[in-house]
Amino acid sequence: MEIQKENIQAVKVPIVFLPVYEDLLSLKEVIESLFETTSVPFELLIIESGSKDGAKEYCDLLPKLYPHRKIEIIHTEKEGALKAYNQAFKISAKREQDIYMTQTDAIHFKFKNDWLLELIKYRYTFKDTGCVVMGNSWGVCQGRYIEGMRWPGFWGIYIPFETCKEMGGFDESYEIGDAVDIDWGYRLYLKGLKVYTANCFNDHHHQTAHVNEQRNDLEDIRKRNGELFKRKYNL
């Protein structure tokens, strides 16, 4: 199915999901960039988790700031990013809407291609599509997992709703960090589904400044996550 701008209306409007916990300045930047850099209609889903820096109140203002956009805000207590992502997976599966997942430190911009249109094109080009990632939404495993295995990063990933139904979300047995992305990507591989890379990019500009990476026990967390991964898959 060849998707062009003129027939994009034939495709069910996707969800763009953004988990929010504080980081108000980056939140404003990413919201503006999402709306200004694609001509493809989408529904914005925000799951906000107990922010104390004004991000919660800003989320509630968004429907007034962008009255012509469809925006859904869900407030939760601070339960962690994994639960927010898993709630979004369930929403995509239940509503049978594809979902694009990103983060508050990923700025979107126009560089040659309309990023959302490009992701949707790849989604419909291949029958075995498990997900489509942006050109920079990859990581490479170290030895604590499977040496050299590439995994899809959740700062720029488009997931068909069929994948959400079949795969489900993150394994919450892991502690926060890249292990959940790696585990989800490996399960995708085991099911025979593929990750395709689209010709579009975002600026994942904070990268190493994530809240979880400011923890002084990060290396211990990575070690525990790696051990859990190898036990889980008998590696």
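One can find the structure itself at the top, above this paragraph.
Since this is a predicted model, take the numbers as computed values, not measurements.

A. Structural context of the pairing of strand β9 (residues 156-159). Residues Gly-156 and Tyr-158 point to one face of β9 and Ile-157 and Ile-159 to the other, with burial holding for every one of them. Inspection of the sheet shows strand β4 (residues 99-102) paired to β9 by four bridges, in the antiparallel sense. Its bridge partner being in β9, Ile-99 is matched across the sheet by Ile-159.

B. Summary view of the nonpolar core. Residues Phe-17, Ile-99, Met-101, Phe-154, Ile-157, Ile-159 and Trp-184 are the most contacted members of the largest nonpolar core, which totals 40 residues. Not counting the four nearest positions on each side in its chain, Phe-17 is found in contact with Leu-45, Ile-47, Ala-84, Tyr-85, Ala-88, Ile-99, Tyr-100, Met-101 and Thr-102. Membership of the second largest hydrophobic core comes to 30 residues, among which are Ala-55, Cys-59, Leu-116 and Tyr-158.

C. Seen up close, helix α1 (residues 24-36). With 13 residues, α1 should reach 18 Å at 1.5 Å per residue; the first-to-last C-alpha distance of 19 Å fits that figure. Along α1, the positions that sit buried rather than exposed are Ser-26, Leu-27, Val-30, Ile-31, Ser-33, Leu-34 and Phe-35. In this structure, the buried side of α1 is in contact with β1 (15-20), β2 (43-49), α2 (55-65), β3 (70-76), β5 (106-108) and α4 (115-125).

D. Spatial organisation of the environment of Val-13. Checked against the element boundaries, Val-13 lands in the segment before β1. Residue class for Val-13 comes out partly exposed when judged on its relative accessible area of 25%. Along the backbone, Val-13 and Asp-98 are 85 residues apart, and their C-alpha atoms lie at a distance of 7.8 Å.

E. Spotlight on the packing of aromatic side chains. Taken as a whole and judged by the stated rule, the model has 19 aromatic pairs. Taking the centre distance of 5.5 Å and the plane angle of 75° together, the rings of Phe-17 and Tyr-85 count as edge-to-face. Residue Phe-17 is found in strand β1, and its partner Tyr-85 is found in helix α3 (residues 81-95); the two are separated by 68 residues along the sequence. Between Tyr-186 and Phe-229 the ring centres are 5.5 Å apart and the planes differ by 55°, which places this aromatic pair in the tilted class. Here Phe-229 lies in helix α7 (residues 218-232) and Tyr-186 lies in helix α6 (residues 179-190), a separation of 43 residues in the sequence. Assigned by exposure class, Tyr-186 and Phe-229 land together as buried. One aromatic cluster in this structure is built from Phe-17, Tyr-85, Phe-89, Phe-154, Phe-170 and Trp-184. Here the basic side chain of Arg-123 rests over the ring of Tyr-124, its NZ or CZ set 4.4 Å away from the ring centre. In this structure, Arg-150 packs its charged tip against the face of Trp-138, placed 4.1 Å from the ring centre.

F. Here's a closer look at the sheet that holds β3. Ordered in space as β3-β2-β1-β4-β9-β6-β10, the seven strands form an open sheet in which the pairing is mixed. Across the chains shown, the open sheet's two edge strands, defined by having one partner strand only, are β3 and β10 (194-197). On average, each strand axis in the sheet is inclined to that of its neighbour by 25°, with strand direction left out of account. In this fold α1 packs onto β1, β2 and β3, with an angle of close to 175° to the strand it touches most, β1. α2 contacts β1, β2 and β3 of the sheet and is inclined by roughly 155° relative to β3.

Quick notes on the rules
- Going along each chain's sequence as written, the residues are numbered from 1 onward.
- For a predicted model such as this one, the threshold for reporting local features is a pLDDT of at least 70, and the threshold for listing and counting side-chain atom pairs is 80 or more; totals across whole chains, interfaces and linings nevertheless cover every residue.
- By convention in this description, side-chain values take in all heavy atoms of the structure and omit both hydrogens and water.
- Exposure classes here rest on a 1.4 Å probe applied to the protein chains alone. A residue is buried below 20% of its type maximum, exposed above 50%, and partly exposed in between.
- For helices the rule is a DSSP run of H or I covering at least 4 residues; for strands it is a run of E covering at least 2, with both sets numbered from the N terminus onward.
- Only when DSSP finds a minimum of two bridges between them are two strands counted as paired.
- We call a set of buried residues a nonpolar core when its members are Ala, Val, Leu, Ile, Met, Phe, Trp, Tyr or Cys and they connect through side-chain atoms within 4.5 Å of each other.
- The contact rule is simple, with two residues in contact once any of their heavy atoms fall within 4.5 Å.
- For a helix, the expected span equals 1.5 Å multiplied by the residue count minus one.
- Paired rings are identified among Phe, Tyr and Trp, the last through its six-membered ring, by centres lying within 6.5 Å, and are further divided according to the angle between planes into stacked (under 30 degrees), edge-to-face (over 60) and tilted (the rest).
- Geometrically, a charge over a ring is one whose NZ (Lys) or CZ (Arg) sits within 6 Å of the ring centre while staying within 35 degrees of the ring normal.
- Orientation is described by axes fitted as lines to C-alpha atoms, over the contacting stretch for helices, and by angles from 0 to 180 degrees between their N-to-C directions.

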